[in-house]
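Each chain, letter by letter, is given below.
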Amino acid sequence: MRPIVRNLAGLAGFLLLWEAVVRLGLVPEREVPPASVVLARTVSLLGDEPFLRDVIATVLAWAIALGTAIVIAVPAGLLLGSLPGLRVATRAIVEFLRPIPSVALIPLVILVVGGGPESKIALAIYAAIWPILYNAIYAFDEIDSLLIDTARSCGAGRMRILASVALPHAAPFIFTGIRMSAAIGLIVVVSTEFIAGAAAGIGQFILAATSGGGRMDLVLAGTVVAGLLGYLINDGLERLGRRLFRWHTATTAEAM
Amino acid sequence: MSTMLQVTGLSHRYGTGEHAHVAVNDLTFTVETGELSCIVGPSGCGKSTLLRCISGLITPTGGEVSLHGDRVTGVPEDLAVVFQDYSRSLFPWLTVRQNVEFPLRWKKSRAERRERSEEALEWVSLPGVGGKYPWQLSGGMQQRVSIARALARRPALLLMDEPFASVDAQTRFELEDLLRSVQLQHGSTILLVTHDIDESVYLGDRVLVLSKSPARIVADLPVDLPAERHQITTRESANFVSLRAEVARLLQGGTPAEPAAGVVSEKPS
Ligand SMILES: Nc1ncnc2c1ncn2[C@@H]1O[C@H](COP(=O)(O)OP(=O)(O)O)[C@@H](O)[C@H]1O
Ligand SMILES: [Mg+2]
């Protein structure tokens, strides 16, 4: 319970500081509305149907992208992790592709897949693949040979070793990759909506609020919701991971 | 007695060309059914390599292995291995029961698996821990789980690679006695390798002494001690003391001392 209290105290302190800075006139209220206004706007937005549609559009695109990235990256990681030859052969291309920022690919993606939700999904898939792939390669490569020998001496063949030893062994590492990708995927979806425009989405909502009247309270409220979403996703996955992989935390803690 | 294991001219070389390393060189021996044979040899002499060849985990570069008359080409159905490093050999994501049932996973019904794992856990005096995870147990208990897993397979031959080298002395004594009593009760055929002279003599019905790398068999000594052993009295007995001295001499590169060997093989049990 302690860390939660401390986190909340930190958050409250930040909000108070924000409120104070604006109220004291250190920044113009027209450009940065005070925390109380933004929070009130956030609460009212959460009951606003068009805005909720934007949230759903973003979450849907995020979920599809993350799911697709998992489906691509896990088998690819397995392949590259267990075949060192293939890993060496593909290293140059992987190291070249990985650092390319997703937003730099927006023009290319719009050209290839069009301007619909496919483009933000495609970009999020691209960005989300790497952490999962890296963790999967590492996990499948690092598997203890004694564990494999044990399974073989128990009469397990290749496919059974894959399913009942390699996958469970790699699962916590892959899950860590998924958690990182979940955050990255959300960032990419929202930024693509904001930069390239979209029919719906939190990024689109923020973009619309920026242009025209420049409703900074709405812009910031949208940002708060995006942050909240990211926090909830990460927290949920962290809880799930702790529950699923208790054996992993326990054994790695023991080794240290 | 019938022959359970026949090893003929077994050699194994790791690598090729300049980096080739001969780990085992031309080993020939047999293990009879119902016998607990110990192989003792210095560290690095090729004991693990030998066991890995017998268990079908690696294909020897020379010679052959047969188990109850069938030539070993892959991992045989009715063979089980216990490794030294229990903490790396138990699946940490499985409970103790699931670990013990692992070799039966694809062969037996759920009910039969459950029955066998309960039974095997009882044999190693670990009833009631089936629901725990291996990492929640002490080292000695973890190695008991490995042994239970091996026994659950009902192997014709049980191979053990320095199974007690990683536990403390007290636990090792307990596990040695446990192994002897399980073996006596079930008439299991066991081949155990160790670098520990005392352990080989205390546990074995017979001790095969290996030379330094590459392993050759230097001697094959019957162990003339009562079937029921006792950590204190057995280790004090004249037979035990002279045998361990004999094994120590052989390991240091000496030749078998004739009188000692004579005494050992002629004394009635
Ligand atoms: N996979 C391997 N590749 C190359 N050399 C190996 C391998 N495994 C073992 N060796 C070498 O073979 C020799 C015998 O090893 P091992 O059978 O493990 O001996 P022991 O179990 O008696 O300690 C050692 O010199 C070791 O370095
Ligand atoms: Mg060894």
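Scroll up for the structure.
Along each chain, residues carry numbers from 1 onward, in the same order as the chain's sequence is written. Both sets of labels track the order of writing: A upward for chains, 1 upward for ligands. Thresholds applied to this predicted model are a pLDDT of at least 70 for local features of residues and 80 or more for the giving and counting of side-chain atom pairs; totals over whole chains, interfaces and linings are not thresholded and use all residues. No hydrogens and no water enter the side-chain calculation; it runs on all heavy atoms of the structure.

**Things to note about the interface of chain B and chain A**
So, point 1. Only heavy atoms enter the contact rule, under which two residues are in contact if any of them lie within 4.5 Å. Counting from both sides, the interface comprises 24 residues of chain B and, opposite them, 21 residues of chain A.
So, point 2. The three residues of chain B that bury the most area against chain A are Trp 93, Trp 106 and Trp 135 of chain B, which together make up 34% of that side's buried surface.
So, point 3. The salt bridge definition used is simple: a Lys or Arg side-chain nitrogen within 4 Å of an Asp or Glu carboxyl oxygen. Our count for the contact surface shared by chain B and chain A stands at 2 salt bridges.
So, point 4. Residues Arg 52 of chain B and Asp 149 of chain A are paired through a salt bridge, measuring 2.5 Å at the closest nitrogen-oxygen approach. When two components associate, each loses some accessible surface as probed by a 1.4 Å sphere; the sum of these losses over both components is called the buried area.

**Describing the environment of Glu 35 of chain B**
Residues and elements named next belong to chain B.
So, point 1. Mapped onto the elements, Glu 35 comes out in the loop between strand E2 (21-32) and strand E3 (36-40).
So, point 2. Sequence spacing of Glu 35 and Arg 153 is 118 residues, and the spatial spacing of their C-alpha atoms is 18 Å.
So, point 3. If we ignore the near neighbours within four places in the chain, the residues touching Glu 35 are Gln 183, Ser 188, Thr 189, Ile 190, Asp 205 and Arg 206.
So, point 4. Whenever two N or O atoms come within 3.5 Å, that pair is a polar contact, provided that in protein one can donate a hydrogen and the other can accept it, and provided that, for residues adjacent in sequence, both atoms are side-chain atoms. Polar contacts involving the side chain of Glu 35 include one to the side chain of Arg 206, which spans 3.0 Å. Helix and strand assignments follow DSSP, with helices taken as H or I runs no shorter than four residues and strands as E runs no shorter than two, numbered in order from the N terminus.

**A word on the site of ligand 1**
All names here are of chain B.
So, point 1. One heavy atom within 4 Å of a molecule or strand is enough for the residue carrying it to be called near that molecule or strand. The environment of ligand 1 is formed by Tyr 14, His 21, Ala 23, Pro 42, Ser 43, Gly 44, Cys 45, Gly 46, Lys 47, Ser 48 and Thr 49.
So, point 2. Between ligand 1 and the protein, one listed contact pairs an oxygen atom with a backbone N or O atom of Lys 47 at 2.8 Å.
So, point 3. Here the open area of atoms and residues is found with the Shrake-Rupley method and a 1.4 Å probe, where only the protein chains shown may cover a residue. The fraction of the free accessible surface of ligand 1 (560 Å²) that becomes covered by protein chains is 57%.
So, point 4. Listing elements by their share of the shell around ligand 1, those giving two or more residues are E2 and helix H1 (47-54).
So, point 5. Per element, the largest residue contribution to the shell around ligand 1 is 3 residues, and it comes from H1.
So, point 6. Residue classes in the shell around ligand 1 are distributed as 4 nonpolar, 6 polar and 1 charged. Ten residue types, Ala, Val, Leu, Ile, Met, Phe, Trp, Tyr, Cys and Pro, are classed as nonpolar, four, Asp, Glu, Lys and Arg, as charged, and the remainder, Gly among them, as polar.

**So, helix H4 (residues 110-123) of chain B**
Residue and element names in this part refer to chain B.
So, point 1. A helix is expected to reach a length of 1.5 Å times the quantity of its residues less one. Between the first and last C-alpha of H4 there are 20 Å, a value that for 14 residues agrees with the 20 Å anticipated at 1.5 Å per step.
So, point 2. A 1.4 Å probe rolled over the protein chains alone gives each residue an accessible area, and that area as a share of the maximum for its type sets the label: buried under 20%, exposed over 50%, partly exposed in between. Residues of H4 that are buried: Arg 113, Arg 116, Ser 117, Ala 120 and Leu 121. Taken around the axis of H4, the buried residues stretch over an arc of 130°, which confines them to a single face. Within H4, the exposed residues directed more than 90 degrees away from the buried face are Ala 111, Glu 115 and Glu 122.
So, point 3. Where H4 is buried, its residues touch helix H3 (96-101) and helix H5 (139-152).
So, point 4. Ser 125 sits one or two positions beyond H4 and adopts a positive phi of about 55°. In this context, the arc is that of the directions from the helix axis out to the C-beta atoms.

**Some thoughts on empty space enclosed by the protein**
So, point 1. Points on a 1 Å grid over protein atoms alone make up a cavity when a 1.4 Å probe fits among them but cannot get out, and a pocket when they form an open set with protein on both sides within 12 Å along at least five of seven lines; lining residues each have an atom within 4 Å of a point. Grid points are joined across faces, edges and corners, and a volume is the space filled by probe spheres set on the points. A complete count under the given rule lists 2 cavities of 30 Å³ or more for this structure.
So, point 2. Reported here for the largest cavity is a volume of approximately 80 Å³.
So, point 3. Lining the largest cavity are 13 residues; nearest its centre among them are Ser 153 and Cys 154 of chain A together with Val 81, Arg 149 and Ala 150 of chain B.
So, point 4. Among the secondary structure elements, those contributing two or more residues to the lining of the largest cavity are helix H7 (145-153) of chain A together with strand E6 (79-82) and H5 of chain B.
So, point 5. Here the lining of the largest cavity is composed, by residue class, of 7 nonpolar, 4 polar and 2 charged.
So, point 6. There is about 40 Å³ of room inside the second largest cavity.
So, point 7. Around the second largest cavity sit Ser 48, Leu 51, Arg 52, Ser 55, Leu 57, Val 81, Phe 83 and Asp 161 of chain B, which together line it.
So, point 8. When residues in the lining of the second largest cavity are grouped by element, the largest group, 3 residues, is from H1 of chain B.
So, point 9. Broken down by class, the residue content of the lining of the second largest cavity amounts to 4 nonpolar, 2 polar and 2 charged.

**Description of the pattern of salt bridges**
All names here are of chain B.
So, point 1. Under the counting rule described, the total for this entry stands at 30 salt bridges over all chains.
So, point 2. In this structure, the salt-bridge partner of Arg 144 is Glu 174, at a minimum N-O distance of 3.3 Å. Taken together, the residues span a long stretch of sequence, with Arg 144 in helix H5 and Glu 174 in helix H6 (residues 169-186) at a distance of 30 residues.
So, point 3. In this structure Glu 174 comes out as partly exposed when scored by relative accessible area, which is 40%.
So, point 4. Residues joined by salt bridges that share partners form a network here, namely Glu 176, Asp 198, Arg 235 and Arg 244.

**A closer look at the sheet that holds strand E8 (residues 190-194) of chain B**
Residues and elements named next belong to chain B.
So, point 1. On the basis of which strands lie adjacent, the open sheet formed by 6 strands has the order E6-E7-E8-E3-E9-E10 and mixed pairing. Sheet topology places E6 and strand E10 (217-222) at the edges, where each strand pairs with a single neighbour. Neighbour-to-neighbour, the strand axes of this sheet turn through a mean angle of 15°, independent of strand direction.
So, point 2. Where E3 lies against strand E9 (residues 206-210), 4 bridges are found, and the strand directions are parallel. A pair of strands is labelled paired if DSSP reports no fewer than 2 bridges between them. Each axis is a line fitted through C-alpha atoms, taken for helices only over the stretch in contact, and angles between the N-to-C directions span 0 to 180 degrees.

**What to know about the sheet that holds strand E1 (residues 3-14) of chain B**
Residues and elements named next belong to chain B.
So, point 1. In spatial order, the strands read E2-E1-E4-E5; together these 4 strands make up an open sheet with antiparallel pairing. Strands at the two margins of the open sheet, each flanked by one partner only, are E2 and strand E5 (70-71).
So, point 2. In the sheet, E1 pairs with E2 via 8 bridges, with the strands oriented antiparallel. Each residue of the ladder has a partner; that of Arg 13, found in E2, is Val 22.

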